[in-house]
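The primary structure of each chain is shown beneath.
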Amino acid sequence: METIGTGGAGATGDTGGRAPARPDASARPQQRRGAIALMLTAAASNQSGAALGAMAFPVLGPVGVVAVRQVATAIMLTAIVRPALRGMSGQQWRPILGLALVFGVMNLSLYAAIERIGLGLAVTLEFLGPLAVAVVTSRRVLDIGAAVLAGAGVVVLTQPGPTTDVLGIALALLAAASWACYILLNRTLGQRLPGLRGTAAAGLVSAVVWVPIGAVWFVLHPPTPAAIALAIGCAALASVVPYIADLLALRRVPAHVYGTFASVNPVLAAIAGWLLLQQALGLGQWIGIALIVLSNVAVSVRGRTPTAAVAKRRW
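Residues numbered from 1 in each chain as written. Predicted model: local features only at pLDDT ≥ 70, side-chain atom pairs only at ≥ 80, totals over all residues. Heavy atoms only, no water.

Attention now goes to the packing of helix 2 (residues 57-81) against helix 9 (residues 225-249). Helix-helix packing is described using two parameters, namely the angle between the two axes and the distance between the axes. Contact geometry of helix 2 with helix 9 gives a least axis separation of 8 Å together with a crossing angle of 50°. Looking at the two axes, helix 2 sits oblique to helix 9. Crossing angle aside, the handedness with which helix 2 passes helix 9 is right-handed. From helix 2, Val-59, Leu-60, Val-65, Val-68, Arg-69, Ala-72, Thr-73, Met-76, Leu-77 and Ile-80 reach across to helix 9, where they touch Ala-227, Ile-228, Ala-231, Ile-232, Cys-234, Ala-235, Ala-236, Ala-238, Ser-239, Val-240, Tyr-243 and Ile-244. By residue class, the composition of the contact of helix 2 with helix 9 is 19 nonpolar, 2 polar and 1 charged. (Axes fitted to C-alpha atoms, helices over the stretch in contact; angles between N-to-C directions. Helix = DSSP H or I, 4+ residues; strand = E, 2+ residues; numbered from the N terminus. Parallel < 35°, antiparallel > 145°, perpendicular 65-115°, else oblique. Left-handed = near helix turned anticlockwise from the far one by under 90°. Contact = heavy atoms within 4.5 Å. Nonpolar A, V, L, I, M, F, W, Y, C, P; charged D, E, K, R; others polar.)

Taken together, the side chains of Met-55, Ile-271, Trp-274, Leu-275, Leu-276 and Trp-286 present a nonpolar region at the surface, about 570 Å² in accessible area. Ranked by residues supplied to the nonpolar patch, first place goes to helix 11 (residues 265-277) with 4 residues. Secondary-structure assignment places Leu-276 in helix 11. A relative accessible area of 39% means that Leu-276 is categorised as partly exposed. (Patch = residues over 30% accessible without salt bridge, like charges linked within 9 Å, V, L, I, M, F, W, Y side chains within 5 Å. Areas by Shrake-Rupley, 256 points an atom, 1.4 Å probe, with all protein chains shown as cover. Salt bridge = Lys/Arg side-chain N within 4 Å of Asp/Glu carboxyl O. Buried < 20%, exposed > 50% of the residue type's maximum accessible area, 1.4 Å probe, protein only.)

Here helix 6 (residues 141-158) is 18 residues long and its end C-alpha atoms lie 26 Å apart, about the 26 Å a rise of 1.5 Å per residue gives. At the C-terminal side of helix 6, Gln-159 shows a positive phi close to 45°. (Expected span 1.5 Å × (residues − 1).)

Below is the structure:
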């Protein structure tokens, strides 16, 4: 996740609720190549960061990792954005508080799912969130077909049976629902506050909530310096680095191109899980991932999906 804050596993560009500047249609080929490199960097960084967080699970658990990630991400981004909190109205604070809640639920459910069913499966299922928003807000037959394709991918990916980890799948779907809520809340917030003010403010509120949670958790589960370092690395790689790379990329390519490239995240999550966490996937699971990735590409390829402009990078 991941998520400003990716997820996320997950991965389309969070612009803080503000639509990115439309890229110049006459952008030079090298600019486009640079944008592609930035998008791939963002995706690889996001999933590598999630894998680092998972490596800290034996000591910190998902709760501890999320606590460190939320606080560390807020500190890093506050230093960059420097949001002014004074003078905000109640109408502005309501979506900020909603986002702060969503940040915590989204990341905690995703990380708990990763602990149970693995990085590749959890991130792939989480991608159903932005896909659902795109399909619900669209009237295209192609998008309905993409939803059916994604449903088939879920069945192939999860392979329902007596040994299926139902709780792990449910947690990943909760992360997907949270991501969908993030998109809608971020859109509302973008209409009420300029730039990144609202998103950064929501991150600060989330961090304030997670400080006491983390303090109690670490009293009961004493951390080690190595585990804390892994969680901080998770915050940097899964939030800050992808955020900056995504923001720069969205200035150079159309939103639908961004959305298409973002669909590589489940594949990179599976590769990161295999290389860093020794979480190998079977042929059926790879086919399920491919079907869900194809459904996301189909939705974004004509440039009308909301995921391309506001879905990621998550906290």
